[in-house]
Amino acid sequence: MRLLMIGDIVGTPGQTTLMHFLPKLKQQYRPDVIVVNGENAADGRGITRQIFREMLGAGVDCVTLGNHAWDKREIFDFIDNESRIIRPANYPDRTPGRGYTKIPLKKGELVVISLMGRTFLSSLDDPFRKADDILAKLKSQSMVLVDIHAETTSEKQALGWYLDGRVSAVVGTHTHVQTGDERILPQGTAYITDVGMVGPYDGVLGMDRDLVLKRFLTQLPVRLEVGKGRTQLNGVIIDIHPSTGKAGNIQRIRMDDDQPWFE
């Protein structure tokens, strides 16, 4: 089973870039399932129903969220009724939405779990123990993707080691810069600290660099806006054995201004 995981979509430039490259990615890699992190898709903060539906219409099977999940109020109007959009599972039990979902495929079933780290982010429930709780409910499930939306490399790596051999892949999101540490852990779990982003890369993490610099130089509460100019798409391709749930390969993808660059 081939999984395409695409990093944080940032604003309208990220949406446009995703729609532009997705047909080419599907043609070249023939993924069985596509998962996208969409928590920054609407103006860099949150997601709307229209954007979510456009992603599904383009062939995305599941949209994961993160710390900006609630930044657009209309999320509360549809998140409970949509099985293909998930927020971090370690929010409190009464939080709207769901923390994981099951995607039926010809080659089996993929479970996608969203978790959020706690270092320098909101003080949510323990993502390690929440992963244990969910996996205990999925004893017969072989293929599992975990999107760990976290700030620090150490927390992401620790979760990767903690879940090695129990899930198919642990993919980091949130920090928007693709890391070069993709690998298959000893017990068969694919891992990368951060898959990267989709959106403007002449800014800072997809945001307008002049506004970011003003915030750093003045320490004033400058409201950031999505950047303009050239764009980039980052993602990973992961091959998973349906019978064992173990990953056989993980490959980074980076596409700049319509010129593909692969490692």
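- As annotated in an unreviewed UniProt entry, the protein carries the name TIGR00282 family metallophosphoesterase and is attributed to Kroppenstedtia pulmonis.
- We quote the UniProt Sequence similarities (unreviewed entry) comment for the protein here in full: "Belongs to the YmdB-like family."
- Entered under Cofactor (unreviewed entry) in the UniProt record, the comment concerning the protein runs "Fe(3+)".

1. Quick look at helix H4 (residues 127-136)
Thinking step 1. Along H4, the residues classified as buried are Pro127, Lys130, Ala131, Ile134 and Leu135. Down the axis, H4 shows its buried residues gathered within 135 degrees of arc, on one side only.
Thinking step 2. Looking at the buried residues of H4, the elements they touch are strand S6 (100-105), strand S7 (108-116), strand S8 (143-149) and helix H5 (153-163).
Thinking step 3. Residue aspartate 126 occupies the N-cap position of H4, its side-chain oxygen lying 2.9 Å from the main-chain nitrogen of phenylalanine 128.

2. Topic: the pattern of salt bridges
Thinking step 1. Tallying each qualifying case throughout the model produces 11 salt bridges.
Thinking step 2. Lysine 107 serves as the salt-bridge partner of aspartate 32, at 3.5 Å between the closest nitrogen and oxygen. Note that aspartate 32 is positioned in the loop between helix H1 (11-29) and strand S3 (33-37) and lysine 107 in the loop between S6 and S7, a separation of 75 residues in sequence.
Thinking step 3. In this structure, glutamate 182 and arginine 252 form a salt bridge, with 2.9 Å as the shortest nitrogen-oxygen distance. With glutamate 182 in the loop between strand S9 (169-173) and strand S10 (183-184) and arginine 252 in strand S14 (residues 247-256), this residue pair connects regions lying 70 residues apart in the sequence.
Thinking step 4. Through salt bridges that share partners, Arg118, Asp126 and Arg129 make up one connected network.

Criteria and cut-off values
- Residues numbered from 1 in each chain as written.
- Predicted model: local features only at pLDDT ≥ 70, side-chain atom pairs only at ≥ 80, totals over all residues.
- Heavy atoms only, no water.
- UniProt positions renumbered as here; feature names shortened; annotations may be inferred.
- Buried < 20%, exposed > 50% of the residue type's maximum accessible area, 1.4 Å probe, protein only.
- Helix = DSSP H or I, 4+ residues; strand = E, 2+ residues; numbered from the N terminus.
- Arc of directions from axis to C-beta.
- Contact = heavy atoms within 4.5 Å.
- Polar contact = N/O pair within 3.5 Å; in protein donor to acceptor, adjacent residues only side chain to side chain.
- Salt bridge = Lys/Arg side-chain N within 4 Å of Asp/Glu carboxyl O.

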